[in-house]
Amino acid sequence: MNIVGPSSPLLAPALSGGDTSPFLWRSGAILAFTGMLTGAFGAHGLKSRAGITADDLNAWGTASTYAIANGLGLMLVSMHRRFSTHRFAGPAILTGGVLFSGSIFVLVLKRFRLFGPITPLGAFVMMAGYLSLAL
């Protein structure tokens with residue numbers, strides 16, 4: 001049974017010779033890598049830092065998970081014939097994902113409260129990017 005074919009809306013265009021976006025693919029791979037790297041650091045190195053609480057570790061894990069998920073999402077978007085050239089979706093997912101996860105990392109490590117409002121802004125931009133794929 002072949003699950004990838006003309007009726008497979010996401011993967012079929014890329015696998016059948018459709019255009020892909022190298023920028024989105026590479027950005028997604030870097031974002032996913034960053035999420036894995038920060039997740040490993042959070043699980044093994046962050047606990048030993050002075051002043052790190054259980055809430056900090058939970059927030060760090062959330063940021064790492066979202067970085068991985070958004071990285072994989074960007075890689076999938078880059079493979080789609082129509083969505084890989086969408087003017088808003090990919091850049092919004094990338095920008096929102098970096099702002100969301102990055103601001104949490106800075107808040108946990110440096111306690112710069114100025115970065116607090118950046119987290120929900122990043123989440124909003126990221127969600128708008130995904131929503132734009134459905135419109």
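Residues numbered from 1 in each chain as written. Predicted model: local features only at pLDDT ≥ 70, side-chain atom pairs only at ≥ 80, totals over all residues. Heavy atoms only, no water.

Visitor: Looking at this structure, I do not really get the packing of helix α3 (residues 54–78) against helix α4 (residues 89–110). What am I missing?
Guide: Any two packed helices are characterised by the angle at which their axes cross and by the distance between the axes. Axis separation between α3 and α4 bottoms out at 9 Å; the angle between their running directions is 160°. In this view, α3 runs roughly antiparallel relative to α4, as classed from their interaxial angle. For the pair α3 and α4, the sense of crossing is left-handed. The residues of α4 that touch α3, namely those facing Asp56, Ala59, Trp60, Ala63, Ser64, Tyr66, Ala67, Asn70 and Leu74, are Gly90, Ile93, Leu94, Gly97, Phe100, Ser101, Ile104, Phe105, Val108 and Leu109. Broken down by class, the residue content of the contact of α3 with α4 amounts to 13 nonpolar, 5 polar and 1 charged. (Axes fitted to C-alpha atoms, helices over the stretch in contact; angles between N-to-C directions. Helix = DSSP H or I, 4+ residues; strand = E, 2+ residues; numbered from the N terminus. Parallel < 35°, antiparallel > 145°, perpendicular 65-115°, else oblique. Left-handed = near helix turned anticlockwise from the far one by under 90°. Contact = heavy atoms within 4.5 Å. Nonpolar A, V, L, I, M, F, W, Y, C, P; charged D, E, K, R; others polar.)

Visitor: I'm lost on the packing of helix α2 (residues 22–44) against α3 in this one. Help?
Guide: Between α2 and α3, the shortest axis-to-axis distance is 7 Å and the interhelical angle comes to 160°. Taken together, α2 and α3 sit at an angle that is classed as roughly antiparallel. Seen from above, α2 lies across α3 with left-handed handedness.

Visitor: Could you clarify how one ought to interpret the packing of aromatic side chains in this entry?
Guide: Working definition: an aromatic ring pair is given by the centre-to-centre distance plus the angle between the planes. Applying the stated rule across the entire model yields 4 aromatic pairs. Put simply, the rings of Phe41, Trp60 and Phe105 pair up and form one aromatic cluster. (Phe/Tyr/Trp six-rings, centres within 6.5 Å; stacked < 30°, edge-to-face > 60°.)

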